[in-house]
Amino acid sequence: MIRYKKFISRFIASLILIGFISNNTVFAQGEALFKAQCANCHKPNQDYTGPALAGARNREPSKDWVYKWVANPSGMIASDPYAKGLFEKWKPTVMTAFPALKKAEIDAILDYVDAYKEPVAPSGTAAGATSESSDNNSLLFGILTLILAVVAFILLQVNSNLRKLSDDKEGVLRGEPVPFYRNKTYLMAAVLLLFGLGGYTTINGAMGLGRMKNYQPEQPIYYSHKVHAGTNQISCLYCHGGTQDSKSGSIPSVNVCMNCHMAIKEYKGEAITREDGTSVNGTAEIQKLYAYAGWNPEKKEYNPDNNKDGLPDGAHPIEWIKIHNLPDHVYFNHSQHVKVGKQNCQTCHGNIQEMPEVYQYSDLSMGWCINCHRESKVDFYNKADSTGNKFYSIYEKFHEQMKDSVIDKSGRKILNPHRMDSVTVEKIGGTECQKCHY
Ligand code: HEC
Ligand code: HEC
Ligand code: HEC
Ligand code: HEC
Ligand code: HEC
Ligand code: HEC
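Residues numbered from 1 in each chain as written. Chains lettered and ligands numbered in written order. Predicted model: local features only at pLDDT ≥ 70, side-chain atom pairs only at ≥ 80, totals over all residues. Heavy atoms only, no water.

Caption draft 1: The arrangement of the packing of aromatic side chains in detail. Per the stated rule, a full pass over the model turns up seven aromatic pairs. Members of the aromatic cluster, each reached through a chain of ring pairs, are Phe34, Tyr112 and Tyr116. Across the ring face of Tyr48, the terminal group of Lys43 is positioned such that the distance to the ring centre comes to 4.5 Å. (Phe/Tyr/Trp six-rings, centres within 6.5 Å; stacked < 30°, edge-to-face > 60°. Lys NZ or Arg CZ within 6 Å of the ring centre and 35° of its normal.)

Structure below.
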């Protein structure tokens, strides 16, 4: 009976776990899709270019309405009364059609939006919090070790004193105990300890030369990722489109900022404070942007080009300070990781959407690259449901050979001696020196 109980409770626990995980992945998929496809025009709980999406399914005429709408908004506006009403309210903008979105994907987006909660006020970024707590842990362990060492030392002293006492009582003659600072064993131990610690810090420091984890320079404009990518849900790719198709992450030009800031002249959002406690005047920062762009917000036009350099008078590029910087001998390609490898920006850059000012989240060491290549699985092409990376369809033959059992020459099924259940980046050569070093 007890065995049964154990089994049942484990079974239920794993069911809950599976439910939780699969629920979470659907939710994450909804979030990713919403941010990539819809967030330029919609917010969950606030009207934007289009209506707030939370609860949209409840106000719409039928359950299937939204699938038809997303697939073909202009067609619906022409034929459906509810859609016509919507358009009257939001014209002249007509929503973009997304005919390729599947029903499950639309459901995932709307589930995400319905469950969305406004981010709570900053209490240190999540990333900062975890690294802080691990720092705290090592400090705690350090102090504990020190206390234990002192206790051990005192006990040793007490022990030798007691031995001396009992020897005296029994009349055994012994010399005075040597004081601990002249005791050769203690001295030896101390020297060894110092040597080890010194060596460790020297080597660690030398390896860390040139690494800039947590680097957070002051930028020419106080531009907050938290305001843009977090609160206003602007997709990273809107500004950093280069990450999809090129080696570099690319910083947006002033034009990209002006797409929105011709209209957004003031900052009315939540108060922003710098890390040193001083507050940031968002509206004044937007004025700085206008100075860089050569834009006259009163007249709503760019300054004339009197000096004929092809730019409005006074316009000059914003000199953003580069934060991430690999040494020149390393080759790193964004599109290979973002588009091909399907890695999230946040895995490498931390929760940028929660950072008022960007800082370098990872140490960008060689070990960091290699560890991820050892663990990450390559997204092989799957013929059955045509998911995964088409490029790897050329490895179909090897994929077959990796399966659990193979047919040998005489036609018998045997266990495959080379079988594996997945292929990591390491196995396709992701740890070979020349892949990363020119
Ligand atoms: C180019 C801007 C734009 C994008 C991108 C966009 N929408 Fe819209 N959406 C609108 C506008 C504007 C309306 C209001 C109707 C109209 O004028 O077309 C709307 C209306 C809707 C409605 C009806 C809301 C209601 O009140 O019933 C839904 C649902 C919707 N959008 C879902 C989505 C989803 C899901 C995505 C992403 C896959 C998306 N939209 C992307 C602009 C956009
Ligand atoms: C509205 C435009 C915009 C959006 C949206 C945006 N960024 Fe940025 N990003 C910038 C600008 C401008 C800079 C340079 C100034 C700075 O470092 O803060 C920058 C800098 C960065 C940097 C540091 C680059 C360096 O110098 O090494 C990273 C990393 C980054 N962004 C990642 C992201 C991620 C991830 C997202 C989405 C969550 C995102 N950005 C969304 C405009 C944007
Ligand atoms: C897709 C639209 C969009 C783009 C592109 C955009 N912004 Fe913004 N920006 C906003 C919105 C929305 C706000 C918040 C306004 C509010 O809450 O009142 C904002 C606020 C700001 C603020 C005040 C808050 C803060 O972050 O200090 C500054 C400064 C700013 N933007 C600079 C920039 C710069 C520089 C760029 C180009 C790299 C840029 N913006 C690109 C939409 C945009
Ligand atoms: C696998 C890790 C990884 C992922 C995923 C990743 N980045 Fe980067 N990113 C880096 C590294 C490493 C650098 C430094 C590159 C250099 O110095 O050559 C960098 C640099 C940048 C820069 C500065 C410009 C440059 O290329 O040096 C921007 C902007 C940026 N990343 C944005 C993004 C955005 C946006 C995403 C998500 C779409 C993203 N990154 C995903 C690792 C990553
Ligand atoms: C978060 C995990 C992650 C990190 C961190 C990471 N990579 Fe990768 N990398 C991948 C994945 C996944 C692929 C496989 C992409 C594919 O399917 O081809 C890859 C592929 C590569 C490749 C191509 C390998 C090949 O055999 O074609 C190079 C080169 C590379 N990474 C360089 C780097 C460098 C340099 C760094 C550190 C600055 C780095 N990567 C950090 C996940 C990562
Ligand atoms: C996945 C990418 C990757 C691979 C594979 C790789 N390296 Fe590196 N390597 C790096 C990065 C990133 C750095 C820069 C580390 C830093 O700046 O701290 C680096 C730095 C170095 C350095 C300079 C010393 C240092 O730590 O800064 C040497 C030497 C080196 N690598 C040798 C090798 C050799 C030898 C191999 C093959 C066994 C190899 N690397 C494979 C990414 C890689």
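Next comes the rest of the description.
Caption draft 2: Structural view of the site of ligand 2. Taken together, 21 residues form the shell around ligand 2, and within it His225, Cys236, Cys239, His240 and His324 come nearest. Take His225: an N or O atom from its side chain is 2.8 Å from a nitrogen atom of ligand 2. Separating an oxygen atom of ligand 2 from a backbone N or O atom of His324 is a distance of 2.7 Å. At the level of elements, helix 9 (225-231), helix 10 (236-239) and helix 15 (345-349) are the ones that each hand at least two residues to the shell around ligand 2. For the shell around ligand 2, the leading source of residues is helix 15, giving three residues. (Near = heavy atom within 4 Å. Polar contact = N/O pair within 3.5 Å; in protein donor to acceptor, adjacent residues only side chain to side chain. Helix = DSSP H or I, 4+ residues; strand = E, 2+ residues; numbered from the N terminus.)

Caption draft 3: Structural context of the pattern of salt bridges. Taken as a whole and assessed by the stated rule, the structure comprises eight salt bridges. Note that Lys164 and Asp168 form a salt bridge whose closest N and O atoms lie 3.1 Å from each other. Of this pair, Lys164 and Asp168 are both found in helix 7 (residues 126-170), four residues apart, which corresponds to roughly one turn of the helix. On the basis of relative accessibility, which here comes to 42%, the residue Asp168 falls in the partly exposed class. Connected through shared salt-bridge partners, Arg57, Asp107, Asp111 and Asp114 make up one network. (Salt bridge = Lys/Arg side-chain N within 4 Å of Asp/Glu carboxyl O. Buried < 20%, exposed > 50% of the residue type's maximum accessible area, 1.4 Å probe, protein only.)

Caption draft 4: View of the coordination of the iron atom of ligand 4. Coordination of the iron atom of ligand 4 by the protein comes from His334 (NE2) and His349 (NE2), over a distance range of 2.0 Å. Of note is the iron atom of ligand 4, whose six donor atoms meet at the metal with angles of 87 to 179 degrees in an arrangement that counts as octahedral. Linking His334 in helix 14 (residues 334-340) with His349 in helix 15, this pair joins segments that are 15 residues apart in sequence. (Donors = N, O, S within 2.8 Å, 3.2 Å for Na, K, Ca; no water. Tetrahedral: all angles 85-135°; square planar, octahedral: opposite > 155°, others 65-115°.)

Caption draft 5: Looking closely at the site of ligand 6. Lining the immediate surroundings of ligand 6 are 15 residues, of which Arg211, Met366, Cys433, Cys436 and His437 lie closest. At a separation of 2.4 Å, an oxygen atom of ligand 6 approaches a polar side-chain atom of Arg211. Elements that contribute at least two residues to the shell around ligand 6 include exactly helix 16 (366-375) and helix 18 (433-436). It is helix 16 that contributes the most residues to the shell around ligand 6, four residues altogether. Taken together, the residues of the shell around ligand 6 break down into eight nonpolar, five polar and two charged. (Nonpolar A, V, L, I, M, F, W, Y, C, P; charged D, E, K, R; others polar.)

Caption draft 6: Representation of the coordination of the iron atom of ligand 1. Looking at the iron atom of ligand 1, one finds its protein donor set to be His42 (NE2) and Met95 (SD), positioned 2.0 Å from the metal centre. Each of the six donor atoms bound to the iron atom of ligand 1 contributes to angles spanning 87 to 179 degrees, and the resulting shape is octahedral. In this pair, His42 is assigned in the loop between helix 1 (2-38) and helix 2 (56-59) and Met95 in the loop between helix 5 (81-90) and helix 6 (103-115), connecting sequence segments 53 residues apart. By relative accessible area, which is 10% here, His42 ends up buried.

Caption draft 7: Spatial organisation of helix 12 (residues 254-261). Along helix 12, the positions that sit buried rather than exposed are Val254, Cys257, Met258 and His261. Projected down its long axis, helix 12 carries its buried residues within an arc of 100 degrees, all on one side. Counted as exposed and oriented over 90 degrees from the buried face of helix 12: Asn255 and Asn259. (Arc of directions from axis to C-beta.)

Caption draft 8: Looking closely at the environment of Val280. Tracing the backbone shows Val280 in strand 2 (residues 279-280). Overall, the relative accessible area of 10% leaves Val280 in the buried class. Sequence separation between Val280 and Tyr222 is 58 residues, and the spatial gap between their C-alpha atoms is 7.7 Å. Residue contacts for Val280: discarding those within four places in its chain leaves Tyr222, Ile272, Arg274 and Glu285. (Contact = heavy atoms within 4.5 Å.)

Caption draft 9: How the structure looks around the packing of helix 12 against helix 13 (residues 282-293). Packing of helix 12 against helix 13 leaves a shortest axis separation of 10 Å and a crossing angle of 125 degrees. Classified by the angle between their axes, helix 12 and helix 13 sit oblique to one another. Seen from above, helix 12 lies across helix 13 with left-handed handedness. Taking contact as the criterion, the partners of Val254, Cys257, Met258 and His261 in helix 12 are, on helix 13, Ile286, Leu289, Tyr290 and Ala293. (Axes fitted to C-alpha atoms, helices over the stretch in contact; angles between N-to-C directions. Parallel < 35°, antiparallel > 145°, perpendicular 65-115°, else oblique. Left-handed = near helix turned anticlockwise from the far one by under 90°.)

Caption draft 10: Representation of the nonpolar core. Ranked by internal contacts, the top residues of the largest apolar core, which has 24 residues, are Phe34 and Trp69. Taken together, the elements giving at least two residues each to this core come down to helix 1, helix 3 (65-71), helix 4 (73-79), helix 5 and helix 6. If near-sequence neighbours (up to four positions away) are discounted, Trp69 is found in contact with Met76, Ile77, Ala83, Leu86 and Met95. Ranked by size, the runner-up nonpolar core spans eleven residues in total, among them Ile221, Val254, Leu289 and Ala293. (Core = buried A, V, L, I, M, F, W, Y, C linked by side-chain atoms within 4.5 Å.)

Caption draft 11: Examining a nonpolar patch on the surface more closely. A cluster of nonpolar side chains, Leu139, Ile143, Ile147, Val151 and Leu155, forms an exposed patch at the surface whose accessible area comes to about 470 Å². Checked against the element boundaries, Leu155 lands in helix 7. (Patch = residues over 30% accessible without salt bridge, like charges linked within 9 Å, V, L, I, M, F, W, Y side chains within 5 Å. Areas by Shrake-Rupley, 256 points an atom, 1.4 Å probe, with all protein chains shown as cover.)

Caption draft 12: Expanded view of the side chain of His324. Tracing the sequence through the fold places His324 in the loop between strand 4 (301-302) and helix 14. Of note is the side chain of His324, whose polar atom sits 3.1 Å from the side chain of His349. Each residue touching His324, except ones within four places of it in the same chain, is listed here: His349, Gln360 and Leu364.

Caption draft 13: Main features of unusual backbone geometry. A positive phi is found at Ser250, a non-glycine position, where the angle reads about 50 degrees. Looking at the element boundaries, Ser250 is found in the loop between helix 11 (242-245) and helix 12. The backbone of Lys308 shows a phi angle near 50 degrees, a positive value even though the residue is not glycine. The topology assignment puts Lys308 in the loop between strand 4 and helix 14. In this structure Lys308 comes out as exposed when scored by relative accessible area, which is 69%.

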